[in-house]
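# Structural characterization, general
Here is what each chain is made of, one letter per residue.
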Amino acid sequence: MEINIDYKKILNDYDRYYENSLNTARITHSDILPLINEIKGNNLFRVENAGKSIEGREIFYIALGNGSKKILAWSQMHGDEPTATAALFDTLNFFSQSDEYTFIRNEILEKLQIIFIPMLNPDGAERHQRENKINIDVNRDASRCISPESKLLWQIAEKFKPEFGLNLHDQNSYYTAGRAGNSAAISMLAPPFNFDKSINECRKKSMQVISSIYQTLTQFIPGQIGRYKDDHEPRSFGDTFTGNNISTILIESGFIKNDNDKNYIRKMNFISLLSVFLSIATEDYKKINEMDYFSIPENETLLFDLLLRNLFISENGKEFKVDIGINREKKFNLKNNQFYYKGKIAEIGDLSIHHGIEEYDLPGYHVQPVRIFEKELKSIDEIKDYEKMLYNGYGFVKLDPFAIDNDYTECKINIIPSYLKYEPSITVDEYANLSLFWENQVDYIVINGFIEDISEQKKSILNGIVIS
Ligand SMILES: [Zn+2]
């Protein structure tokens with residue numbers, strides 16, 4: 001059946017389906033429980049308890065549709081990758097409404113049977129960590145199946161016998177789609193089932209469906225769709241399922257500049273899911289040459305959060321021109337439910353093939369590690385004028401250890417417990433704390449990977465770190 005879908009119009013109407021209670025920054029089991037309970041009352045869906053996590057959190061599956069083609073979709077097998085979970089609930093909202101898109105719903109529900117497992121790893125989600133409670137990466141446990149989460153996914157697959165699997169993840173922001181500077185907003189993979197990366201009928205179908213998603217997404221994010229590296233990983237679900245005749249499609253939610261809350265990526269996930277369902281329901285994917293898959297640009301890790309170009313460092317009285325690439329790792333603090341960052345130097349040298357989400361070209365500038373303000377403070381409140389400290393090249397203060405209760409600080413300066421010897425340095429893997437000089441004046445300062453132009457009022461330092 002020929003169906004023409006106006007995805008741009010659907011995106012305009014997205015607010016109707018957007019699940020307001022979910023925030024893509026972090027989604028936990030208690031966030032989805034009320035939504036699951038609501039769905040239980042809707043006879044469109046069949047909701048069942050699929051099993052329990054190590055800490056006893058219930059893992060659910062939600063089935064819909066009465067067709068013959070079967071799809072199994074799961075999200076958040078990595079606890080800190082919640083974007084697709086939000087998109088799954090948006091998709092369920094789409095199905096439970098009736099509007100001018102009912103012809104789409106009918107087509108999907110008649111031709112397909114879909115099982116959704118939102119949040120396969122609720123214990124990891126609770127801690128906002130990739131692994132489960134016993135620190136096993138569930139996506140490296142497909143063959144040994146030690147974790148209940150892995151066992152459960154296998155059991156559902158064996159019972160349901162899906163033709164297709166949708167393995168939904170988030171990837172970090174450092175991937176580009178190809179070698180140009182565009183971040184990869186969505187990356188996809190048709191996992192190989194052997195080290196030769198052979199293409200059999202099963203993998204061919206994954207490649208065709210991915211090419212069809214690519215066609216749809218190109219309307220929205222041209223140049224920002226990547227093909228994930230296809231090295232065979234025999235312990236992962238995608239590769240294992242593909243080897244067991246389930247055509248698996250990995251969809252990674254990446255990064256778009258100025259979309260820090262990942263709302264746009266979430267919408268792209270929804271559009272991808274709809275595109276998968278429709279191309280399988282209508283069998284449109286069969287018309288696509290599977291080799292089109294290889295024309296999707298491959299992911300490269302060429303992005304830094306902050307890239308400083310053409311700086312001089314001094315060593316032994318000599319000057320060297322370098323670029324400095326800095327990444328900020330986003331961490332979650334369970335004590336106060338806050339995100340914070342640890343900014344580190346990732347690479348030094350010729351970074352001309354790289355790109356920065358933020359970039360500064362600073363020819364003629366000299367870079368030095370920040371200074372330590374040596375007088376011990378009893379409380380961080382003793383600092384009255386941060387600006388002045390930064391202006392003078394200070395990036396660390398020494399603090400009474402009894403006044404320290406965390407490994408980061410909301411202040412825009414870093415902290416060293418006063419008993420500790422610490423020497424800031426310009427070193428790979430070291431915290432990124434730099435002052436950038438023009439002649440003898442500090443014009444820019446980097447604190448914990450965040451850069452601030454001293455002459456501007458714009459405040460960009462989100463948090464400092466506490467050295468331990
Ligand atoms: Zn993942």
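Residues numbered from 1 in each chain as written. Predicted model: local features only at pLDDT ≥ 70, side-chain atom pairs only at ≥ 80, totals over all residues.

## Details of the overall build of the chain
- The helix and strand inventory of the chain stands at ten helices and 23 strands.
- Against the globule reference of 23 Å for 468 residues, the chain gives a C-alpha radius of gyration of 25 Å, in line with a compact fold.
- Projected onto its principal axes, the C-alpha positions of the chain cover 70 × 45 × 45 Å.
- For the chain, with 468 residues in total, the buried portion stands at 45%.
- In the chain, once contacts between residues fewer than 6 apart in sequence are set aside, the share between residues at least 24 apart is 73%. (Helix = DSSP H or I, 4+ residues; strand = E, 2+ residues; numbered from the N terminus. Rg over C-alpha atoms; globule rule 2.2 N^0.38 Å. Buried ≥ 20, exposed ≤ 12 C-beta atoms within 10 Å, placed from the backbone. Contact = placed C-beta atoms within 7 Å.)

## Some remarks on the domain arrangement of the chain
- Structurally, the chain comprises domain 1 (7-300) and domain 2 (303-465).
- Tallying the contact residues gives eleven residues for domain 1 and eight residues for domain 2.
- Here the side of domain 1 that touches domain 2 is composed, by residue class, of three nonpolar, five polar and three charged. (Domains from an automatic or database assignment. Nonpolar A, V, L, I, M, F, W, Y, C, P; charged D, E, K, R; others polar.)

## Details of the packing of helix H7 (residues 201-218) against helix H9 (residues 263-281)
- Axis separation between H7 and H9 bottoms out at 9 Å; the angle between their running directions is 130 degrees. On the basis of their axis angle, the class for H7 and H9 is oblique. In this structure, the crossing between H7 and H9 has a hand that is right-handed. On H9, the residues touching Val-209, Ser-212, Ile-213, Thr-216 and Leu-217 of H7 are Met-268, Ile-271, Ser-272, Ser-275, Val-276, Ser-279 and Ile-280. (Axes fitted to C-alpha atoms, helices over the stretch in contact; angles between N-to-C directions. Parallel < 35°, antiparallel > 145°, perpendicular 65-115°, else oblique. Left-handed = near helix turned anticlockwise from the far one by under 90°.)

## Let's talk about the nonpolar core
- Grouped together as the largest cluster of nonpolar side chains are 119 residues, with contacts concentrated most on Ala-185, Ile-186, Met-188, Ile-210, Ile-249, Phe-277 and Ile-280.
- In terms of residue count, H9 provides more of this core than any other element does, eleven residues in total.
- Among the domains, domain 1 (7-300) and domain 2 (303-465) are the pair contributing at least three residues each to this core.
- Those residues in contact with Ala-185 that lie beyond four places of it in its chain are Ile-221, Gln-224, Ile-225, Gly-254, Phe-255, Ile-256, Ile-265 and Met-268. (Core = buried A, V, L, I, M, F, W, Y, C linked by C-beta atoms within 7 Å.)

## Some remarks on the pairing of strand S22 (residues 450-453)
- Judged from the four bridges that link them, strand S21 (residues 441-447) and S22 form a sheet pairing that is antiparallel. Of the residues in S22, the one forming a bridge with Tyr-444 is Asp-453.
- Adjacent in sequence and paired antiparallel, S21 and S22 are bridged by two residues, among which Asn-448 carries a positive phi angle near 50 degrees. (Pairing = 2+ DSSP bridges.)

## So, the pairing of strand S20 (residues 434-438)
- Examined bridge by bridge, strand S15 (residues 366-369) and S20 share four bridges and lie antiparallel to one another. Pairing of Gln-368 across the sheet is with Ser-435, part of S20.
- Hairpin connection of S20 to S21: two residues between the antiparallel strands, including Glu-439 at a positive phi of 55 degrees.

## With respect to unusual backbone geometry
- Positive phi values are uncommon outside glycine, yet Glu-283 reaches one of about 60 degrees.
- Looking at the element boundaries, Glu-283 is found in the loop between H9 and strand S10 (299-300).

## What about the environment of Ile-256?
- When you line up the elements, Ile-256 lands in the loop between strand S9 (247-253) and H9.
- Discounting residues that sit within four places of it in the chain, Ile-256 has contacts with Ser-183, Ala-185, Gln-224, Tyr-264 and Ile-265.

## Details of the packing of helix H4 (residues 102-111) against H9
- The N-to-C vectors of H4 and H9 enclose an angle of 60 degrees; their axes lie 9 Å apart at closest approach. Between H4 and H9, the angle falls in the class oblique. Crossing hand, H4 versus H9: left-handed. Between H4 and H9, the residues in contact are Ile-104, Glu-107, Ile-108 and Lys-111 and Phe-277, Leu-278 and Ala-281, respectively.

## Quick look at the sheet that holds strand S17 (residues 394-399)
- Read across the open sheet, the three strands follow the order S16-S17-S19; overall the sheet is parallel. This sheet does not close on itself; its edge strands, each paired only once, are strand S16 (371-377) and strand S19 (414-417). On average, each strand axis in the sheet is inclined to that of its neighbour by 30 degrees, with strand direction left out of account.
- As paired strands, S16 and S17 are joined by five bridges and run parallel to one another. Counterpart to Arg-371 in the pairing with S17 is Tyr-394.

## Comments concerning H9
- Helix length check: H9 (19 residues) gives 27 Å between terminal C-alpha atoms against 27 Å at 1.5 Å per residue, within 8%.
- Counting buried residues along H9, 17 of its 19 residues qualify, which places the element largely inside the surrounding structure.
- Glu-283 sits one or two residues past H9 and shows a positive phi near 60 degrees. (Expected span 1.5 Å × (residues − 1).)

## A word on the sheet that holds strand S8 (residues 225-227)
- As summarised here, the arrangement of the eight strands in space is S1-S2-S4-S3-S5-S9-S7-S8, forming an open sheet in which the pairing is mixed. At either end of the open sheet lies a strand with only one pairing partner, and these are strand S1 (46-52) and S8. Between one strand and the next, the sheet's axes are offset by a mean angle of 20 degrees, whatever the strand orientation.
- With six bridges joining them, S1 and strand S2 (residues 58-64) adopt antiparallel strand pairing. Residue pairing for S2: Asn-49 is matched across the bridge by Phe-60.

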